[in-house]
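# Inside the fold
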Amino acid sequence: MSTTSTPNDLNSRLQRRMEADRRQIEETAARELARLGENLSAVASGALRSIEADTVEATGRMRELLLKAWLRPLIVGVSLFLGIYGGAWVTTHWLSRSIESRYEELGDVNLRLLGARDMLAEIEETTWGVTLREVNGVRYVTLPAGTRVRTEFDMGGRPYVRLSRE
């Protein structure tokens, strides 16, 4: 064997050496890419879990806000409804009772009016239509129309008048 190298030998050794270096670089690059892929997968999984957790938390807050946003108008609406309905109910019952009491009062007044008319008719019957009047401080006795007046006698300084119909 000869100890001298030829350019072809050098070329073939360089090619083998480059091939070995290329394989080593590829293997190292593949390992690094695999490790980088695992790291990226872990980072992406962590980010996804974080996004999911943030989304769940934001959804919970949004539900709470929506509940509060709907709860206030609901409470105000129900309060207004109950206030208006209750006020109308109370007013209706108050007016109903007021009308009933006025109606009863009207019945009482009508009964008293009938009693007063009966009493007036009785007074007119017992007094024969004679009434007493005062005009400008002067007192008069009013007699029924068509009555003639005659003084019969005095008793105790008071004249007695006889009434007769002609």
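Residues numbered from 1 in each chain as written. Predicted model: local features only at pLDDT ≥ 70, side-chain atom pairs only at ≥ 80, totals over all residues. Heavy atoms only, no water.

## Thoughts on the pairing of strand β2 (residues 138-142)
- Both strand β1 (residues 131-135) and β2 contribute to a ladder of five bridges, which runs antiparallel. Each bridged residue has a counterpart across the sheet, and for R133 the counterpart in β2 is Y140. (Pairing = 2+ DSSP bridges. Helix = DSSP H or I, 4+ residues; strand = E, 2+ residues; numbered from the N terminus.)

## Looking at the pattern of salt bridges
- With the rule as written, the count across this model stands at six salt bridges.
- The residue R61 makes a salt bridge to E57 at a minimum N-O spacing of 2.9 Å. Note that R61 and E57 are positioned in helix α1 (residues 7-127) at a spacing of four residues, about one turn of the helix.
- Residue class for R61 comes out partly exposed when judged on its relative accessible area of 47%. (Salt bridge = Lys/Arg side-chain N within 4 Å of Asp/Glu carboxyl O. Buried < 20%, exposed > 50% of the residue type's maximum accessible area, 1.4 Å probe, protein only.)

## Concerning the packing of aromatic side chains
- Per the counting criterion, the structure on display carries one aromatic pair.
- When the ring of F81 is compared with that of Y85, the centres are 6.0 Å apart and the planes differ by 10 degrees; the resulting orientation is stacked. With F81 and Y85 both in helix α1 and four residues apart, the pair spans about one turn of that helix. Just as F81 is exposed, Y85 falls in that class too. (Phe/Tyr/Trp six-rings, centres within 6.5 Å; stacked < 30°, edge-to-face > 60°.)

## Considering a negative patch on the surface
- A cluster of acidic residues, E100, E104, E105 and D108, forms a negative patch at the surface.
- Along the chain, E104 turns up in helix α1. (Patch = residues over 30% accessible without salt bridge, like charges linked within 9 Å, V, L, I, M, F, W, Y side chains within 5 Å. Areas by Shrake-Rupley, 256 points an atom, 1.4 Å probe, with all protein chains shown as cover. Lys, Arg positive; Asp, Glu negative; His and termini not counted. Charge placed at Lys NZ, Arg CZ, Asp CG, Glu CD.)

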